[in-house]
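Report on the structure
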Amino acid sequence: MPARHPSSRRPHLNRTSASAPGKIILLGEHAVVYGRPAIAVPFQARRATAVVTDRDPGAGPLLHALDLGQEGLLESWPESDPLALAMRLTLAEMGLGPAPDWRVEVSSQIPIASGLGSGAAVATALVRSLFLHGRIEISCERISSIVFRSEEIHHGTPSGIDNTVIAYEAPVWFIKGQPLELFTITHPLTFVVADSGLPSPTRETVADVARMRSENVAKVDRIFEQIGQIVERARRTIEDGEQGNLGSLMDQNHRLLREIGVSSPRLDELVQAATGAGALGAKLSGGGRGGNIIALTTEEEAQAVVTALLAAGARSAVVNRISS
Ligand code: PMV
């Protein structure tokens, strides 16, 4: 008689997969680090995936980051690696005793360092797949807090917005340190998400904004205050289904992000290309300098905006429809 597999919790299962979306910050980035509200939504068009399979007994846990071409026993991954940290924290939290003989392979369609939350998405998929493989239930809140720990390695002082919107996979109204509010988008919104092709160094832009603020607290806080008011108004506008007003609030948010130095000529060009092609409003999304811009469009204009953004040199331009 064959020996019983040690992991009797999943007698018929030796392969488990889970996935997580990217994210888009609609409004409020950077100011959110200083306690102002921000609105973020999942970016369903691009996802990260993790697949767990069983290894031979005694082989130990192994992590394979497909896109990075890195594979090795978990113990061989550096302490400072965000994904390995997420895996270690997850296995510890699962309380399985000796490290299980599992292989986790992660991959992602979300471009790295582009303001779309690729790190948080990969970590979320990984955490979720491990719990599923072990047949242990886990709440979105718990996933989010494990992923937050790996985000600290990526970003230094993350607000927590990326791990939250990705773990809950729902639109969020986010204020750092306050209980999460899921956000209902009753009237569907259409966005074009366009990649500048430039890296988006969130850690650097967040540090530069902190430096600028330390040199002129009153000025920078005034800008954050204005961004916070825009986000409050945007919430009401989204709830009332008034797209035109939302577009103009996005334009205003972009101008304020320029004032704190996180835009770039490339991002400004893409924003102009989108509005020139009929977008209702456009702004950078995420850390800035590089990464993505988002443009709010009507359903009818979406394709024209995609074409204009590609003609202006965007590496990709994808339509994302949001409703809840
Ligand atoms: O990870 P990114 O590039 O989408 O940036 C996150 C948004 C910031 O507000 C710039 C930083 C943060 O932690 O909220």
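Residues numbered from 1 in each chain as written. Predicted model: local features only at pLDDT ≥ 70, side-chain atom pairs only at ≥ 80, totals over all residues. Heavy atoms only, no water.

1. With respect to the site of the ligand
Formally: Residues are counted as near a molecule or strand when any one of their heavy atoms sits within 4 Å of it. Polar contacts, as used here, are pairs of N or O atoms within 3.5 Å; protein pairs need one atom able to donate a hydrogen and one able to accept it. Residues neighboring in sequence count only if both atoms are side-chain atoms. Reported accessibility uses the Shrake-Rupley method at a 1.4 Å probe radius. Residues are deemed covered only where the shown protein chains occlude them. Only protein atoms enter the 1 Å grid, on which a cavity is a set of points fitting a 1.4 Å probe that cannot get out and a pocket is an open set with protein on both sides within 12 Å along at least 5 of 7 lines, lining residues being those with an atom within 4 Å of a point. Molecule-in-pocket calls rest on the fraction of atoms, with more than half required to lie within 2 Å of the cavity or pocket grid points. Helix and strand assignments come from DSSP, with helices taken as H or I runs of at least 4 residues and strands as E runs of at least 2, each series counted from the N terminus. Following the grouping adopted for this structure description, the nonpolar residues are Ala, Val, Leu, Ile, Met, Phe, Trp, Tyr, Cys and Pro, the charged ones are Asp, Glu, Lys and Arg, and the polar ones are all others, Gly among them.
Lining the immediate environment of the ligand, one finds 15 residues, of which Lys23, His30, Ser159, Thr202 and Gly287 sit closest. Within the side chain of Asp162, an N or O atom sits 3.0 Å from an oxygen atom of the ligand. Between the ligand and the protein, one listed contact pairs an oxygen atom with a side-chain N or O atom of Thr202 at 2.6 Å. Burial of the ligand by the protein amounts to 97% of the accessible area it has alone, namely 370 Å². Judged by the fraction of its atoms near the pocket grid, the ligand is located in the largest pocket. Every element with two or more residues in the shell around the ligand is listed here: strand S1 (15–27) and helix H4 (161–168). Counted by class, the shell around the ligand contains five nonpolar, seven polar and three charged residues.

2. Brief notes about the layout of surface pockets
What counts is decided by this rule: Grid points are joined across faces, edges and corners, and a volume is the space filled by probe spheres set on the points.
The computed volume of the largest pocket comes to approximately 750 Å³. Ser118, Gly119, Glu151, His154 and His155 are the residues nearest the centre of the largest pocket, which is lined by 46 residues in total. Those elements that provide at least two residues to the lining of the largest pocket are S1, helix H1 (82–94), strand S5 (102–108), helix H2 (118–133), helix H3 (140–155), H4 and helix H5 (202–215). Top contributing element to the lining of the largest pocket by residue count: H2, with five residues. A per-class count over the lining of the largest pocket returns 21 nonpolar, 18 polar and seven charged.

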